[in-house]
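So the chains spell out like this:
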Amino acid sequence: MAPNSKSSLRPWFVLAAVFVSIAVFANTGSRAQSRASVEALTSATPDPSTRANDAVVSLGWENSGPICTGTLVAPTLVLTAGHCFDHSIVDGGSGQWNSQSPVWRSYQIGTRTEADWMAWVRGDRAGVRPHTFVEGAYYDRPADVTNALACAARCNEQSAQCQAWMFNTTSHTCALMPAPRMTVRFGNTHESPTQTIVSTTYSTPGRADIVMMRLDTPAPSSLAIPAQVLSYLPDGEDRIAAFLRAQHFYAVGFTSAHPQRLRATMNFNNYPYDRDLAMVGVLGELGASTEHGDSGGPLFATRTVGGVEQQFMVGVLQGFDSSDPPRNRYTLTGLNLRAFGQLLPLQYNAATLDRTQAAPIGEWLNNVMYADFVASNPRFRPLYNWFSDSRGDNFLTSDPRWASDPRTIVFDGRGYLDPRRFQDGYQMYRLEGYVFDPHGARPPGTVPLWTWYSEARGDNFTTSDPHWAGELRWNGEYLAPMTREGYRLVRMEGYIFDPHLPQPRQTRPLYSWFSDSRGDNFQTTDAHWMIPANEVHWNGEYITAVDREGYRLYRLEGYVPISPRITLTGQALRSD
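This write-up is about the structure you can find in this document.

Tallying secondary structure elements over the protein gives 6 helices and 37 strands in all. Split by element, the accessible area of the protein, about 23200 Å² in all, is 50% carbon and sulfur.

Okay, structure coming up:
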C-alpha cells in the first residue's frame, strides 16, 4: 500500500504558499519519499475477496493501472481522495453548504498553466481558457480544420462527449479531449477485476482532499456491500481525539506494484495531525506504510459494543510523512470545519462563510448520501429524534434539513447515535424508524403524523391524534400557519401505520410520553420506553397511564417501519 506520488500536482504545490487549504500537501519530505521505490506494507496481508471486502475498489483511468483506491459507500457512490483527480480539490464546492442537493461535476484530466490555476483560485473563471491543458491530456483522432473557432465548434458539436479542445496553428490540427472516464474495478485484484463500472462525475466539499464519485450504473448487491461511513464526530478537538483513540483501525488499498488488494493494522498516533484539524495521523504495525495507488483508500475503525462488532469508515488516505516510522495521514470523514482551529457550527451563514477556507466534510458527505438515500428509497424518510438540554425539549422530525443518511449512523449499545450530530442547540440522538413520504400519497392503513410547537413552552410534539390533525398546505418543508391551544402547526412528518389496527411486521410501536415538570412531550420507539402492544388499553384516543422517569405514557401514535426496504401489500408489509 502506498500514497499517490502526487507528482502530477505540481501546480497545487506552487499555490500552497499562497492558498491556505485544510488539506496540507506541501511536505517536501513526504513528496520525496512517496516518489521513491517503497516496499509494500511490511505487515500487510492479502485482503480476501468477499462482498463486504469488495467495497474497497481500485480506481484508474481507462486502460491504466491502479492510480488510487476508493470505497463503495452506496450502490452508486465511491469515496476517495481529491488529489486523485488533479485540481478537483481546488474546483470545490457542492452548492449551498446546507443543501440536500449536491452539485455533480464532470472529471477533468491534465493540469493547467500556473496562471490558469491562480485565476481559478481567485474565482476568475473568465481567465481560465478551456484549451490550456498542458500535460496528462489524451485526445481522440485529430480533425483538420482551418482555425481555432472551427476547432471550438467541433468540440461544441460533441456536447458532453468533448470536454476541451486545442488548436495547433502550425499544423492546423484540432485535438479534442473526450470527457474522462474513471473505471472502478471490483474484486481483490486490479488486473483481473470481478466487474468494472464507469464513473464520469464527482462532488467535493470544497478545498479538502476528498471526493465522492458517482457511478454511471449502480453496483449490484451481489457484487459488493457498501461500507458504513461516519459523517459526524464529537464536538471539539479533545473529544474527537478521545473518540478516535478508543477505536481499533485497519487500512486497505491497492498498490501499483502489487495487483492484489492488501490490508494492514493501524494504530492511532495523533489528532490533530501537525495542527491540521482535517487529518488524523496513524502508524502501521511493524512500521507499515502506504504506497502509490493507496491514495483515497479507507481507514476503518472497529470496536465491540454489547458483544457486537461494529466496523465503519472514518478516513480517506491523503498520504504519509517522512518520519521514522512514517505516519499515514487520513482526511477524516466526520469533520465540520470553517477555518484553522474552528469547528464549523450549524446552520451555516452563506453570506459570511469563507468558502476558500471552509470544508464542512461531514455535512457535505451527509448531504450527498442523504440525497442518494432519498433517490434510492422514494417512499420512505428516516425519522430522527433530537434533544435540547438547555430547553429540555425532545424534537421528532423527518425534515431533510434535520436528517442524516441512516448509512452514516453509528450506534452505541442501547441504540443511541454515537457520535451525535448538533444543530441549533439540539443534538440528534436516535433514529426511531421510517415514515412514508409526507409529500406522497397516503398508503392504506396509515395515519398522518403532525408536529406542533409552542414557543411559550419551548415544546415540540408529534402526534397522530385526530384532535391535532392539521391541513396539508405546504410552504416548502413547512405547513401554512395554523394555531391551536398555544401551539403552532409546523410539519406533517409522514404516514405511519394506524395505532388502532393490528401491528404489521417489520414495525415498532411509537409511544408518546409527557413530563409535567419539564413541560416536555416526546415520542420514541426505544425498547426502554416500550410496553407490549397487547397491553395497550385505549381510553378514547389515549391509553392507560404508565409512569417512568418523571414521564407519563399517554398515547400510542402508531407503528413505524424499521427498514426502508419493505413494500406495502394491502395492509401488510413484506421485506424486499
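On inspection of all chains with the given rule, the structure shows 18 aromatic pairs. With a centroid separation of 4.8 Å and 85 degrees between ring planes, the pair formed by Trp 386 and Trp 402 is classed as edge-to-face. Residue Trp 386 is found in strand E20 (residues 380-388), and its partner Trp 402 is found in the loop between strand E21 (393-397) and strand E22 (422-423); the two are separated by 16 residues along the sequence. For the pair Trp 386 and Trp 402, a shared accessibility class is recorded, and that class is buried. Between Phe 395 and Trp 402, the ring centres sit 5.0 Å apart and the planes meet at 80 degrees, which makes this aromatic pair edge-to-face. Residue class for Phe 395 comes out buried when judged on its relative accessible area of 11%. What links up through ring pairs into an aromatic cluster is the set Trp 386, Phe 395, Trp 402 and Tyr 426.

This part takes up the side chain of Asp 47. Topologically, Asp 47 is positioned in the loop between strand E1 (45-46) and strand E2 (56-61). The exposure class of Asp 47 is buried, given its relative accessible area of 1%. Here the side chain of Asp 47 touches Arg 263 through a polar contact of 2.7 Å, side chain to side chain. Ignoring sequence-local partners within four residues, the contact set of Asp 47 consists of Asn 53, Asn 188, Val 252, Gln 260, Arg 261, Leu 262 and Arg 263.

Right, let's get into the nonpolar core. Tyr 384, Trp 386, Trp 452, Tyr 511 and Trp 513 are the most contacted members of the largest nonpolar core, which has 44 residues in total. Going through the elements one at a time, helix H6 (361-376), E20, strand E23 (426-436), strand E24 (446-454), strand E29 (487-497), strand E30 (507-515) and strand E35 (551-561) are the ones with two or more residues in this core. With 6 residues, the single largest contributor to this core is E23. Among the nonpolar cores identified, the runner-up in size contains 43 residues, and Ala 55, Cys 68, Ala 224 and Met 313 belong to it.

It is worth spelling out the pattern of salt bridges at this point. Pairs can form between side chains of opposite charge once their charged atoms are near each other. Applying the stated rule across the entire model yields 19 salt bridges. The salt bridge partner of Arg 381 is Asp 437, with a shortest N-O separation of 3.5 Å. Note that Arg 381 is positioned in strand E20 and Asp 437 in the loop between E23 and E24, a separation of 56 residues in sequence. For the pair shown, Arg 381 and Asp 437 are each scored as buried. For Arg 414, the salt bridge is made with Asp 526, and the minimal N-O distance between the two is 3.6 Å.

This part is about the pairing of strand E13 (residues 262-270). Inspection of the sheet shows E1 paired to E13 by 2 bridges, in the antiparallel sense. Counted as the bridge partner of Pro 46 is Leu 262 from E13. Here strand E12 (residues 248-253) runs beside E13; their pairing, made up of 5 bridges, is antiparallel. Residue pairing for E13: Tyr 250 is matched across the bridge by Thr 265. Bridge analysis of E13 against strand E14 (residues 279-284) gives 4 bridges, and the strand direction is antiparallel.

Moving on: empty space enclosed by the protein. Applying the stated criterion across every chain, the model contains 3 cavities of 30 Å³ or more. Lining the largest cavity, in full, are Leu 230, Ser 231, Tyr 232, Ser 404, Thr 408, Ile 409, Val 410, Leu 417, Pro 419, Arg 420, Arg 421 and Met 428. For the lining of the largest cavity, the residue count by class is 7 nonpolar, 3 polar and 2 charged.

This next bit is on the state of the cysteines. Per the counting criterion, the structure on display carries 1 disulfide. For Cys 68, the disulfide goes to Cys 84, at an S-S distance of 1.9 Å. On the sign convention where negative means left-handed, the S-S torsion of about -100 degrees between Cys 68 and Cys 84 marks this disulfide as left-handed. Of this pair, Cys 68 sits in strand E3 (residues 68-74) while Cys 84 sits in the loop between strand E4 (77-80) and strand E5 (105-106), placing them 16 residues apart in sequence. Given a relative accessible area of 7%, Cys 84 falls into the buried group.

All right, on to H6 then. Over its 16 residues, H6 extends 22 Å from the first C-alpha to the last, a length consistent with the 22 Å expected when each residue adds 1.5 Å. Within H6, 13 of the 16 residues are buried, which leaves it mostly tucked inside the rest of the structure.

Before going further, it helps to examine the pairing of strand E17 (residues 327-332). The element E17 is largely enclosed, with a buried count of 6 among its 6 residues. Going residue by residue along E17, you find Arg 327, Arg 329 and Thr 331 tucked away on one face and Asn 328, Tyr 330 and Leu 332 tucked away on the opposite face as well. As defined by bridge partners, strand E16 (residues 308-320) adjoins E17 across 5 bridges and the pair is classed as antiparallel. Bridge pairing links Phe 320 to Asn 328 in E17. Joining the antiparallel neighbours E16 and E17 is a turn of 6 residues.

Relative to the elements of secondary structure, Arg 401 occurs in the loop between E21 and E22. The spacing of Arg 401 and Glu 477 is 76 residues in sequence and 9.0 Å in space, taken between C-alpha atoms.

Within this model, the largest pocket holds a volume of roughly 710 Å³. Pro 406, Arg 407, Tyr 434, Ile 562 and Pro 564 are, among the 32 residues lining the largest pocket, the residues nearest its centre. For the lining of the largest pocket, the secondary structure elements donating two or more residues are E23 and E30. For the lining of the largest pocket, the element with the most residues is E23, which contributes 5 residues. Grouping the constituent residues of the lining of the largest pocket by class yields 19 nonpolar, 6 polar and 7 charged.

Definitions and limits used
- Residues numbered from 1 in each chain as written.
- Predicted model: local features only at pLDDT ≥ 70, side-chain atom pairs only at ≥ 80, totals over all residues.
- Heavy atoms only, no water.
- Helix = DSSP H or I, 4+ residues; strand = E, 2+ residues; numbered from the N terminus.
- Areas by Shrake-Rupley, 256 points an atom, 1.4 Å probe, with all protein chains shown as cover.
- Phe/Tyr/Trp six-rings, centres within 6.5 Å; stacked < 30°, edge-to-face > 60°.
- Buried < 20%, exposed > 50% of the residue type's maximum accessible area, 1.4 Å probe, protein only.
- Polar contact = N/O pair within 3.5 Å; in protein donor to acceptor, adjacent residues only side chain to side chain.
- Contact = heavy atoms within 4.5 Å.
- Core = buried A, V, L, I, M, F, W, Y, C linked by side-chain atoms within 4.5 Å.
- Salt bridge = Lys/Arg side-chain N within 4 Å of Asp/Glu carboxyl O.
- Pairing = 2+ DSSP bridges.
- 1 Å grid on protein atoms, 1.4 Å probe; cavity = no way out; pocket = protein on both sides within 12 Å on 5 of 7 lines; lining within 4 Å.
- Points joined across faces, edges and corners; volume = space filled by probe spheres on them.
- Nonpolar A, V, L, I, M, F, W, Y, C, P; charged D, E, K, R; others polar.
- Disulfide = S-S within 2.5 Å.
- Expected span 1.5 Å × (residues − 1).

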